[in-house]
Amino acid sequence: MEPWTNYRRETMTKTPKDTLVGIGKNLTDGIKKGTPPKIHIPVRSLSNVEFDEKSQKLRIGARMSEREFFNVSHTRKFLQTIEVASILKGLLDIGKHSSLRDVFYMAKRTIPGTKTNVVDQQTESDKAIEDLELMSGFSRENLHVNANKMGSVAGNVIIEDSGDTINWGKMGSGGWSIPSNVENIQFNKVNAKYIIYMEKAAVWERLHEDKFWKKQNCIIMSSQGQSTRGIRRLLQRLSSEHKLPIYVLTDNDPWGIYIYSVLKFGSISLAHMSEGLAISNIKYIGVTCDDVEKYQLQRHYIALNDKDIARVKQMREYEWFKHNKAWQRQFKMMLNAKAKVEIQALSARGITFISDTYLPEKIKNNEFIN
Amino acid sequence: MIILYQTTKYPAHLSNIPYNSEPKDYKMSSGSSLSVTTKDSERVSAEQLAKGHKEVGIAEFFARNKHLLGFDNKRKSLLTTIKEAVDNALDACEEAGILPEITVEIIEMSENRFRVIVEDNGPGIVKRNMGKIFAKLLYGSKFHSRKQQRGQQGIGISAAVMYAHHTTGRPAKIISKTNPKNPAHYIELTIDTKKNDAKILLDEEREWDKEHGTRIELDLEASYQKGSQSPDEYLKQTAVTNPHATIIYVNPKAVQYVFARASEKLPKKAKEILPHPYGVEIGDLIKMLQDTKEKTLLAFLQNNFSRVSKAVANEITANARMSAKMRPHSIHRDGAEALIKGIHTTKIMAPSTDCLSPISSELLERGLKKEIQAEFYASISRPAIVVNGNPLQVEVALAYGGNQTGDSPARLMRFANRVPLLYQAGGCGITRAVTGTNWKSYGIQQSGSNMPNGPLTIAVHISSVWVPFTSESKEAIAQNDEIIKEIKLALQDAGRKLAGYVKKKKHAKKRLERANLFERYIPEVAHSLAKLTGEPEAVLKHKLAEMTHKEELVARLSELHDTNVEYDESFANIGKEEEEAHLDPDEE
C-alpha cells in the first residue's frame, strides 16, 4: 500500500490507522492541557494550487487553514471531521471497506438539543474524507472508503482482481465496469497500442459495437462526465506500467477540455493527489476546433452560453494553459465561433464515421493537441 | 318679487342662453325660462336669513361639540371628568402651598351611569366664586397667568358639570370649606348654556368635618373599562408624576388603591412671569398698548415684558425708530408693527425658567422603574428653550428590555405639565417626535417612520407656561416644529445612552449564544474523539466545557442589567386590562 499524495510525506512510515489515531491524540493531549482544539488543513482552492513546470502537474501549496472547535463557523465542520475520522478508524479496525454513502449514514444523526444533524448531505462527509486524506497523507481507498464504480473499459487485456481473472475483451456489450479502487489489480496481459478515453458512454458503446478496440488493437475507456479517481488511477497505471499512450476524446467545449486538463495536470480540488492521478503524457485527440472546419461540423454548432464563455475565459488564464500556444489558439477559435460541438455531431457523417475514419485518420496523422 | 333679481346677476345661470336674448330676458318675470334655480316659494331672502343669525353662546357651542372637550364617548367622558377634577384639585393645592390629598371615587349607579366624587384638601373656594368656577365656561384664574399649571383655559370642570347634567339631568353637588372656623358651603348647580352661567338650585351652609377643601359629586353617563385609557391608568400615572400628592382611588369594582405620597416636598412653586417680547403678536401688543397705565413707551416695555431692562427697552425703541417717550395710547397698528420689528432685531435674553416646574428626569425614571421591570433605564432633562416667547422644557426617560414584549411597538407615555395624556396619541407632536427619530442607530428596530419596535417604554414630559394642545380637551401636543425638534434632541440623548447598553448586551448575548452552541456540540466531539483515540469521554467533556467560560458569560450578562428594586408588581398591574380568569386547580 502506497500513499499517493505529495503532502505530508513524514506520515508515510505509519499505518493509515495509526495516522488517524495520531491526529486524535494530538487534539486530546491539548484538550487535557486546556488548549482549545484546532486542526490544520491545507487550503484546497485555486489560490493554493501551484502548477509545477517540471513535472507538469498541479500541486497543493503550503497555505493551511485552521479549523477550530471554538469558532461558531467551524464547530460543525470540526465535529464532522473528527466524527468521520472515528468512523474510518472503526473500518480499519475491522478491516472492512465501505462506500462514501455508508460513511454518510454512519455519521448522520441529530445533535441532542438542536435541530441540526452532524451531516445533512453526503457532500459534507465526502469533504471530511478529503480533508482527512490531506491530513493523513493517505488516499480514501487506503482509509477503506470506496467511491461508486463508474465507467467501462474494453480491450485486449487480462487482469486479476480479488482472485478472479478477467478478460476485458470478453465482458459483453457493457464492458468491464471500473471499480473505485484499482490498487490491487494485476495486469496479466496487456495487448494494446494505445488507449482512447472518452467523455461519453454513448460514444464508448458506438466504438465497442464497431469492435474498434479489436480492429485498432487498443483499449477504449469512458465514464459519464468528469473522470473518477478509479479511472484516473487505472489510466495512470496503464500509462506508467505499460507505457501506453492515452488519447482523450471529448466534446468541443470548455467542460470537455477541462476533463482533459484534470487527467493530464490534476484537479484543483484534488491537487494533493496529482502525483498519483495525473498523467503527463496524455494527449487530446478531439473534438478540436480544427475538426469542425475540416469535417464541416458548423451546422451542428450549439451557441456558447454566458457560463460557457466565462469558463473558457477562466481556463485560458490557468497557469498550465496560459503559455500553451496550441490551446490558446483553440480557446480563441472557440470564442470567435461562440459555439461548441458535441462528439456525436460526427455521426452526421455516417454512424461508423468516428470509428472508420475520424479516429484512425487522426491517430495515423498524429493529429493531437498536447 | 325681488327674488329673481338676484338670480339674474349670476352669469353662471345664464351660460346656456344666447347672448342676443339677454336684454329682453334680463327683466325677468315669474314664469320666464330663467327661473332656473328655485321656485319662488323656496327662496329665502337675506333679510329673512338675517333673522336666523344670532350669537352662539360659548356654552351652547360646547354643549353641541362635546368632543372638543374630551366627551366623545362614554368611556372617555368618565376619564375626562376625573381628569378635570383632579387637575383642578392639584393646581389648587399647589397654589395654596398645601400637600395634596385627593380622594377619587367612582360608583356604578346603573348600567352606563356613574357617580364621580373627587375631594381635595385644597384651600377651598369662596362662596361667590363657586357658581362661576363650576358652571361658567372660560372662567378661571389660569388663562391670563403665565406660569406652569395643569389647567389653562378654565373650561374643563364646567364642561364636566354640563356633560353630567345633559346626560343625567342631575345637578353637580359641591361642598367647599375655606376655613376650619366657618361652616362649609354646599351648592347644587347646573349650567345655563344660553347664558353660560350657573343655575343654582340649592345653596346652603353645612357642617363638614374637614378643615378646608372641596368636594364635587357628579352623576354622568359613562362606561368603565380597564386598560391604557382608564381612570385607573390615569391616576396611577398622575401619582408617578406628582409624588408629593396622596391619591386614594376607589374604582367601580369597589377596589381601593392608595397611591401614598412619596415626597413631603411640594414641587418648586412655578413663578408667574411677564410675557417675553419674542412671543408677542401684533394683536396682543395693540391691546396691551391701549390698556396700559404707563405714560411712556419705555416704561411700557420695561414693565410689561420679561427680560426687558431699561437698556433693552431703549434698544428696542431705537431699532423700531420710535421715540422712547411716546405715549403708548398713541401707538396704533403701524406703530405696533414697527415695534414688533424692533423687538425682533434686538437681542433679548431668553425668559427665565423659574416659571417652569419640571418633574426632573430622575423622578420620571423612578416612575418607569415602579411600573416596568426592565434591564436598562435612562433619562434626560433638556435645558429650557423658548417657543413663541414661552419657556418650555422637555424631559425624557426610557426603560428597555426586561419583562416587556419584544416584538410589538414601543410603549409611549406622554405627559404635559405633570398631566398624563392618554388619548389622541396619533395626532400628538410627542408621537411625531418619537416616530421621526431614527431608532435604528440606537440598536432598536424601526421600519420607516413608525413607532420603534422592541421591549421599550418611552416617557416624555413637556413643561411650559403655555403648552400648545391640539384641542380644548388637552389630549395631544400640537405638532410644532420647534417642540418636535427639542423632543427629538432629548430622545437622541437618551437613545445614545441606550445604544451603549444595547450594543454591550448584544455582544454579551452573542458570546453566550456561542457558548450554548459549543455546549451542545461538546458531548458529540468528546464522543467522537474518545472513539478515535480511546481517551476517557468524560474527561474530554469536562475539559471542553471549561473552555466555554459559560458561567463567566452568564454572570457578565446579568451584571449589565440595572437592578431595579423599585419595581412594584401590584402597582404595575393597576389599570391593566384584566386577563382571562384562570381556574384555580384547587377549585375543582
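In the block above lies the structure referred to throughout.
Residues numbered from 1 in each chain as written. Chains lettered and ligands numbered in written order. Predicted model: local features only at pLDDT ≥ 70, side-chain atom pairs only at ≥ 80, totals over all residues.

1. Focus on the overall build of chain B
1) Next: Across its full length, chain B holds 18 helices and 14 strands.
2) Next: Among the 588 residues that make up chain B, the fraction classed as buried is 41%.
3) Next: Restricting to contacts in chain B with at least 6 residues of sequence separation, those with at least 24 account for 72%. (Helix = DSSP H or I, 4+ residues; strand = E, 2+ residues; numbered from the N terminus. Buried ≥ 20, exposed ≤ 12 C-beta atoms within 10 Å, placed from the backbone. Contact = placed C-beta atoms within 7 Å.)

2. Notes on unusual backbone geometry
Residues and elements named next belong to chain A.
1) Next: Residues Gly286 and Val287 are joined by a peptide bond in cis, for which omega reads 5 degrees.
2) Next: Locating Val287 in the fold gives a position in the loop between β15 (283–286) and α10 (289–294).
3) Next: One non-glycine residue with positive phi stands out, namely Lys338, at about 50 degrees.
4) Next: Residue Lys338 is classed as exposed on the basis of its 12 C-beta neighbours within 10 Å.

3. As for the nonpolar core
1) Next: Residues B:Phe134, B:Val161, B:Val396 and B:Leu398 are the most contacted members of the largest nonpolar core, which totals 109 residues.
2) Next: Two domains share this core, each providing at least three of its residues, namely domain 2 (62–259) and domain 4 (351–576) of chain B.
3) Next: The residues contacting B:Phe134, other than those within four sequence positions of it, are B:Ile157, B:Ser158, B:Val161, B:Ala172, B:Ile174, B:Leu189 and B:Ala198.
4) Next: By size, the runner-up hydrophobic cluster in this structure holds 60 residues, among which are A:Leu235, A:Tyr260, A:Leu277 and A:Tyr284. (Core = buried A, V, L, I, M, F, W, Y, C linked by C-beta atoms within 7 Å. Domains from an automatic or database assignment.)

4. Some thoughts on the sheet that holds strand β13 (residues 218–222) of chain A
Residues and elements named next belong to chain A.
1) Next: The strand order across the open sheet built from 6 strands is β10-β7-β13-β12-β14-β15, with neighbouring strands paired in mixed fashion. Bordering the open sheet on either side are β10 (176–177) and β15, each of which pairs with just one other strand.
2) Next: Two elements, strand β14 (residues 246–249) and β15, share 3 bridges in a ladder whose sense is parallel. Bridging across to β15, Val248 finds its partner in Tyr284. (Pairing = 2+ DSSP bridges.)

5. As for the packing of helix α15 (residues 481–533) of chain B against helix α16 (residues 537–547) of chain B
Residues and elements named next belong to chain B.
1) Next: Interhelical geometry of α15 versus α16 gives an angle of 145 degrees and a closest axis separation of 9 Å. In terms of crossing hand, the pair formed by α15 and α16 is right-handed. On α16, the residues touching Glu519, Ile522, Pro523, Val525, Ala526, His527, Leu529 and Ala530 of α15 are Glu537, Leu540, Lys541, Leu544 and Ala545.
2) Next: Residues that form the contact of α15 with α16 fall into these classes: 9 nonpolar, 1 polar and 3 charged. (Axes fitted to C-alpha atoms, helices over the stretch in contact; angles between N-to-C directions. Left-handed = near helix turned anticlockwise from the far one by under 90°. Nonpolar A, V, L, I, M, F, W, Y, C, P; charged D, E, K, R; others polar.)

6. Observations concerning helix α7 (residues 156–168) of chain B
Residues and elements named next belong to chain B.
1) Next: Taking 1.5 Å per residue, 13 residues should reach 18 Å; α7 reaches 18 Å between its end C-alpha atoms and fits that length.
2) Next: Among the 13 residues of α7, 10 are classified as buried, and the element is accordingly described as predominantly covered.
3) Next: Three or more residues of α7 are buried, namely Gly156, Ile157, Ser158, Ala159, Ala160, Val161, Met162, Tyr163, Ala164 and His165.
4) Next: Of the surrounding elements, those touching the buried residues of α7 are α4 (58–64), α5 (74–96), α6 (127–135), β3 (172–177), β4 (184–192) and β6 (213–221).
5) Next: Downstream of α7 by a residue or two, Gly169 has a phi angle that is positive, lying close to 75 degrees. (Expected span 1.5 Å × (residues − 1).)

7. What about the sheet that holds β3(B)?
All names here are of chain B.
1) Next: Strands sit in the order β5-β4-β3-β6-β2-β1-β7-β8 across an open sheet of 8 strands; the sheet is mixed. Edge positions in the sheet fall to β5 (197–206) and β8 (256–259), since each has one partner strand and no second. Ignoring which end each strand starts from, the neighbouring axes of this sheet average 15 degrees apart.
2) Next: One ladder, built from 5 bridges, connects β3 with β6; its direction is antiparallel. If you follow Lys173 over to β6, its bridge partner there is Glu217.
3) Next: Sitting on the sheet, α5 touches β1 (101–110), β2 (113–120) and β6, and the angle it makes with β2 is about 10 degrees.
4) Next: Docked against the sheet, helix α8 (residues 231–241) engages β1, β7 (246–250) and β8, running at close to 170 degrees with respect to β7.

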